[in-house]
Amino acid sequence: MVVNGLYILGYEENHPAMALAINDLEMATANVAYYQEELNKWEEIHKWEVRKAEYPAATEAWLIMSEEFGWSDTVCAGIIGNLMAECGGCWTQDLDWQINTKHGMGMVQWIGGRRNQLVALYGENPTVRDQMMFMRDELYGLNGVTKQVTESQLNEIMNASSPEECAYAFASYYERCASQHRAPRKGYARTAYEYFVD
């Protein structure tokens, strides 16, 4: 605005007043960009703090998968959709990660030899982090954990084109739930995606 005013008053571009006004404008523009970036960072941090307060286990699981494992939002949502079916009451991301019944243990509801391997590694009360590490190790066959999916099945899970597709593949190959329980997980995955991404 000042620069335009100086033009109107007839100042030449090489005049000291014009140079000062242009310098001030560049500094102001840089300051606006800096503070906008800081605001964006704060909003991102705040968004995750709200999620942690509302759904602590699901948010922790999501952040481990996305930030530590490097998995896409599509994969994270597909898996959270399955966890919602296993221990979250289906329509909510309020995951009961401590569940331990005759029907299964933890967020994935591990049973049999898989449950025994989880307990051998992490004890009777594995944390959310422990469970996510164990799930990853089962998918990839890491750290002495028995691999639970073939390479082509893993590729189908990890390269799914939508949360729904990932949820169905994860349910089919990793969870191995009854076929009638697979389709609803697509909707749960979409719910998770809309909560954590949109």
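Here, every reference points to the structure presented above.
Note that the coordinates shown come from a computational prediction; the quantities given were computed from them, not determined experimentally.

Examining the overall build of the chain
Then, number 1: For the chain, the helix and strand inventory stands at nine helices and two strands.
Then, number 2: Reading the chain from its N terminus to its C terminus gives the helix and strand order α-α-α-α-β-β-α-α-α-α-α.
Then, number 3: When burial is assessed residue by residue, the chain has 41% of its 198 residues classed as buried.
Then, number 4: Intrachain contacts of the chain at a sequence separation of at least 6 include 49% that bridge at least 24 residues.

Some remarks on helix α5 (residues 112-122)
Then, number 1: Listing the buried residues of α5 in full gives Arg114, Arg115, Gln117, Leu118 and Val119.
Then, number 2: Of the surrounding elements, those touching the buried residues of α5 are β1 (100-101), β2 (104-105), α6 (128-140) and α8 (163-175).
Then, number 3: Just past α5, the residue glycine 123 takes up positive phi, approximately 85°.

Observations concerning the environment of tryptophan 71
Then, number 1: As for its placement among the helices and strands, tryptophan 71 is situated in the loop between α3 (56-68) and α4 (73-87).
Then, number 2: Judged by its relative accessible area of 8%, tryptophan 71 falls in the buried class.
Then, number 3: For the pair formed by tryptophan 71 and methionine 158, sequence separation is 87 residues and the distance between their alpha carbons is 7.7 Å.

What about the packing of aromatic side chains?
Then, number 1: For the structure on display, the rule yields eight aromatic pairs.
Then, number 2: Plain terms: the ring middles of tryptophan 71 and tyrosine 140 are 6.5 Å apart, the flat faces sit at 35° to each other, and that makes the pair tilted. One end of the pair, tryptophan 71, is in the loop between α3 and α4; the other, tyrosine 140, is in helix α6, with 69 residues separating them in the sequence.
Then, number 3: What links up through ring pairs into an aromatic cluster is the set Trp48, Tyr55, Trp62, Tyr195 and Phe196.
Then, number 4: The ring of tryptophan 48 is capped by arginine 51, whose NZ or CZ atom sits 4.4 Å from the centre of that ring.

Looking at the environment of cysteine 177
Then, number 1: Secondary-structure assignment places cysteine 177 in the loop between α8 and α9 (183-196).
Then, number 2: Cysteine 177 gets classed as buried once you look at its relative accessible area, which sits at 11%.
Then, number 3: Between the C-alpha atom of cysteine 177 and that of glutamate 86, which follows or precedes it by 91 residues, the distance is 9.7 Å.
Then, number 4: Apart from the residues lying within four places of it in its own chain, the contact partners of cysteine 177 are Ala171, Arg182 and Arg185.

Describing the packing of α3 against α4
Then, number 1: Taken N-terminus to C-terminus, the directions of α3 and α4 make an angle of 145°; their axes are 10 Å apart at the nearest point. Along this stretch, α3 crosses α4, giving a crossing that reads as right-handed. Counted together, Ala58, Ala61, Trp62, Met65 and Ser66 of α3 and Asp73, Cys76, Ala77, Ile79 and Ile80 of α4 form the full contact between these two elements.
Then, number 2: A per-class count over the contact of α3 with α4 returns eight nonpolar, one polar and one charged.

Rules used in this analysis
- Along each chain, residues carry numbers from 1 onward, in the same order as the chain's sequence is written.
- Per-residue local features are limited, in this predicted model, to residues with pLDDT of at least 70; the limit for side-chain atom pairs, both in listing and counting, is 80 or more; totals at the level of whole chains, interfaces and linings are taken over all residues.
- As a rule here, side-chain values cover all heavy atoms of the structure and leave hydrogens and water aside.
- Under the DSSP-based scheme used, a helix requires at least four consecutive residues in state H or I and a strand at least two consecutive residues in state E, with every element numbered from the N terminus.
- Between buried and exposed lies partly exposed: a residue is buried under 20% and exposed over 50% of the maximum accessible area for its type, with that area taken using a 1.4 Å probe on protein chains only.
- Two residues qualify as a contact provided that any one of their heavy atoms is within 4.5 Å of a heavy atom in the partner residue.
- Two rings belonging to Phe, Tyr or Trp (six-membered ring only in the last case) form a pair when the distance between their centres is within 6.5 Å. Interplanar angles under 30 degrees mark stacking, angles over 60 mark edge-to-face geometry, and anything in between is tilted.
- Over a ring means this: the NZ of a Lys or the CZ of an Arg is within 6 Å of the ring centre and within 35 degrees of the ring normal.
- To obtain each axis, a line is fitted to C-alpha atoms, and for helices this fit is confined to the stretch in contact; angles are then taken between N-to-C directions over 0 to 180 degrees.
- Left-handed describes a crossing whose near helix is turned anticlockwise from the far helix through less than a right angle; right-handed describes the clockwise counterpart.
- The residue classification treats Ala, Val, Leu, Ile, Met, Phe, Trp, Tyr, Cys and Pro as nonpolar and Asp, Glu, Lys and Arg as charged. All others, Gly included, are polar.

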